[in-house]
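# Structure assessment
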Amino acid sequence: MAGEPQADCLFCKIAAGKVPATIVRETDTTVAFRDINPQAPTHVLVIPKVHYPDAATLAAAEPQVAADILRAAEEIAELDDIKETGFRIVFNTGSGAGQTVFHTHAHILGGRSLQWPPG
Ligand code: AMP
Ligand code: ZN
C-alpha cells in the first residue's frame with residue numbers, strides 16, 4: 001500500500017528507530033535528525049514517517065504530511081536559532097539533482113551564508 005515502510009529503505013529504518021540518528025524533533029507524522037555529513041552548521045533532515053520516494057509524490061498522496069514537513073522545518077530553525085539569519089529548505093528530487101535516498105526528505109540548512117544560485 002502507498003506510504004507503507006520499505007524493508008530496504010534507510011530513512012524508514014531511522015523513522016522506526018531501527019537505525020540510530022541524532023533526532024532533534026519528532027511529531028506524529030515526521031522525524032527530524034542531523035545529517036551525518038553536514039554541509040552547514042545547521043543541517044537537519046526532516047522526513048515523513050510514511051514512505052514516498054520524493055516530495056511531489058508525498059504532496060500528491062498526503063498533502064497534510066507535506067505541510068507538516070514545512071512546519072517542522074520552521075521549528076528546527078527556531079530550535080537552532082537560525083530563523084532570523086535565514087535558512088534554506090531543499091528537496092533534491094531525482095538522481096540528477098543529487099537525490100541519493102529515495103524517501104522524501106527536506107534538508108534544512110543554515111548558520112552560514114548561503115550562495116544563490118546553489119551549485
Ligand atoms: P539526498 O542526497 O538529497 O538524497 O540526501 C541524503 C542525505 O542523507 C545526505 O545529505 C546524507 O549525508 C544523509 N544521510 C545518509 N545516511 C544518513 C544517516 N544514516 N544519518 C543521517 N543522515 C544520513
Ligand atoms: Zn522509506
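It should be noted that the structure appears before, not after, this text.
Throughout, a residue's number is its position along its own chain's written sequence, starting from 1. Here every chain gets a letter starting at A, and every ligand a number starting at 1, in the order they are written. Local features in a predicted model are, by the rule used here, given only for residues with pLDDT of at least 70; side-chain atom pairs are given and counted only at 80 or more, and totals for whole chains, interfaces and linings are based on all residues. In computing side-chain values, all of the structure's heavy atoms are included and hydrogens and water are not.

### A closer look at unusual backbone geometry
One can expect most non-glycine residues to show negative phi and most peptide bonds to be in trans. Cis geometry marks the peptide bond from Trp116 to Pro117, where omega comes out at 0 degrees. Think of it this way: any DSSP run of H or I at least four residues long counts as a helix, any run of E at least two long counts as a strand, and we number them from the N terminus. Looking at where Pro117 falls in the secondary structure, it is placed in the segment after β5 (106-110). Although it is not a glycine, Asp81 adopts a positive phi angle of roughly 60 degrees. Looking at where Asp81 falls in the secondary structure, it is placed in the loop between α3 (63-79) and β4 (87-90).

### Looking at the environment of Lys49
In this structure, Lys49 sits in the loop between β3 (42-48) and α2 (55-61). Lys49 sits 16 residues away from Val65 along the chain, and the two C-alpha atoms are 9.0 Å apart. Apart from residues lying up to four places away in sequence, Lys49 is in contact with Ala15, Glu26, Thr27, Asp28, Thr29, Thr30, Val31 and His103. Side-chain polar atoms of Lys49 contact the side chain of Glu26, separated by 2.9 Å. A distance of 2.9 Å separates the side chain of Lys49 from the backbone oxygen of Thr27, its partner in a polar contact. In what follows, a contact means two residues having at least one pair of non-hydrogen atoms within 4.5 Å. Counted as a polar contact is a pair of N or O atoms within 3.5 Å, where, for protein atoms, one must be capable of donating a hydrogen and the other of accepting one, and residues adjacent in sequence contribute only when both atoms are in side chains.

### Looking at the sheet that holds strand β1 (residues 23-26)
A pair of strands is considered paired only if DSSP assigns at least 2 bridges between the two. With antiparallel pairing, 5 strands are arranged side by side in an open sheet as β1-β2-β3-β5-β4. The sheet is open, and its two edges are formed by β1 and β4, each paired on a single side. Mean inter-strand twist for the sheet, computed between neighbouring axes without regard to direction, equals 20 degrees. In this sheet, β5 lies alongside β4 in antiparallel orientation, the contact comprising 4 bridges. Across the sheet, Arg88 pairs through a bridge with Leu109, a residue of β5. Lines fitted to C-alpha atoms define the axes here, with helix axes fitted over just the stretch in contact, and angles between the N-to-C directions of these axes take values from 0 to 180 degrees. The strands touched by α3 are β1, β2 (30-34), β3, β4 and β5; relative to β3, the strand with the most contacts, the crossing angle is about 155 degrees.

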